[in-house]
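Each chain, letter by letter, is given below.
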Amino acid sequence: MTTWAHAALGCGIVVAALVIRTALGELRQHGTAGRQWRFLANTAAVAAGAVSAAALGTAVAVTELRPGHAAWALLGGILTAFIVDRPMDRAPGT
């Protein structure tokens with residue numbers, strides 16, 4: 001397997017886990033899927049994710065440039081956007 005295949009497999013597993021988590025939450029309580037994925041509509045969260053992905057991609061490219069690193073940088077940006085969207089004062093699970 002190449003680096004690209006390893007990166008795609010690893011990112012695919014993480015994304016699959018997030019989708020399964022969303023599906024199980026939706027089965028338990030209707031409407032949770034929309035709340036979990038609303039970060040995609042939050043401009044500030046998407047901007048923070050894009051900056052994070054660009055920074056991760058640049059940092060990795062400086063040391064060693066391989067195609068698989070782009071997948072990890074993109075996943076890092078998406079997870080950053082997800083975290084930025086969650087307000088600190090909101091109780092967990094709401």
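The sections below set out a description of the structure shown in this document. Since this is a predicted model, take the numbers as computed values, not measurements.

When two helices pack together, you describe them by how their axes are tilted relative to each other and by the distance separating the axes. Viewed as axis vectors pointing N to C, helix H3 (residues 43–63) and helix H4 (residues 67–85) meet at an angle of 150 degrees, and their least axial separation amounts to 7 Å. Taken together, the axes of H3 and H4 are roughly antiparallel relative to one another. Here H3 and H4 pass one another in a crossing that is right-handed. Contacts between H3 and H4 involve Ala44, Ala45, Val46, Ala48, Gly49, Ser52, Ala53, Leu56, Gly57 and Val60 from the former and His69, Ala73, Leu74, Gly76, Gly77, Thr80, Ala81, Val84 and Asp85 from the latter. For the contact of H3 with H4, the class distribution of residues is eleven nonpolar, seven polar and one charged.

Here we come to the pattern of salt bridges. What the rule picks out here adds up to one salt bridge. Note that Arg38 and Asp85 form a salt bridge whose closest N and O atoms lie 3.4 Å from each other. In this pair, Arg38 sits in the loop between helix H2 (32–36) and H3 while Asp85 sits in helix H4, placing the two residues 47 residues apart along the sequence. Residue Asp85 is classed as buried on the basis of its relative accessible area of 9%.

Turning our eyes to something else, we now look at the side chain of Ser52. In this fold, Ser52 is placed in helix H3. Of the residues examined, Ser52 reaches a relative accessible area of 17% and is grouped as buried.

Before going further, it helps to examine helix H1 (residues 3–28). For H1, which comprises 26 residues, the first-to-last C-alpha distance of 38 Å matches the rise-based estimate of 38 Å (1.5 Å per residue) to within 8%. Contact partners of the buried residues in H1: H2 and H4.

One pass over the full model with this rule turns up two aromatic pairs. Geometrically, the ring pair formed by Trp37 and Phe39 is tilted, given 5.7 Å between the ring centres and 35 degrees between the ring planes. Here Phe39 and Phe82 contribute two aromatic rings whose centre-to-centre distance is 5.4 Å and whose plane-to-plane angle is 85 degrees, an arrangement assigned as edge-to-face. Of this pair, Phe39 sits in the loop between H2 and H3 while Phe82 is found in helix H4, placing the two residues 43 residues apart along the sequence. In this structure, Phe39 and Phe82 share a single accessibility class: buried. The structure contains a cluster of three or more aromatic residues connected by ring pairs, namely Trp37, Phe39 and Phe82.

The topology assignment puts His6 in helix H1. Looking at His6, the relative accessible area reads 46%, which means it is partly exposed.

Turning our attention to H4. With 19 residues, H4 extends 28 Å from end C-alpha to end C-alpha; this agrees with the ideal 27 Å at 1.5 Å per step. Within H4, burial applies to Gly68, Ala71, Ala73, Leu75, Gly76, Gly77, Ala81, Phe82 and Asp85.

Rules and cut-offs
Residues numbered from 1 in each chain as written. Predicted model: local features only at pLDDT ≥ 70, side-chain atom pairs only at ≥ 80, totals over all residues. Heavy atoms only, no water. Axes fitted to C-alpha atoms, helices over the stretch in contact; angles between N-to-C directions. Helix = DSSP H or I, 4+ residues; strand = E, 2+ residues; numbered from the N terminus. Parallel < 35°, antiparallel > 145°, perpendicular 65-115°, else oblique. Left-handed = near helix turned anticlockwise from the far one by under 90°. Contact = heavy atoms within 4.5 Å. Nonpolar A, V, L, I, M, F, W, Y, C, P; charged D, E, K, R; others polar. Salt bridge = Lys/Arg side-chain N within 4 Å of Asp/Glu carboxyl O. Buried < 20%, exposed > 50% of the residue type's maximum accessible area, 1.4 Å probe, protein only. Expected span 1.5 Å × (residues − 1). Phe/Tyr/Trp six-rings, centres within 6.5 Å; stacked < 30°, edge-to-face > 60°.

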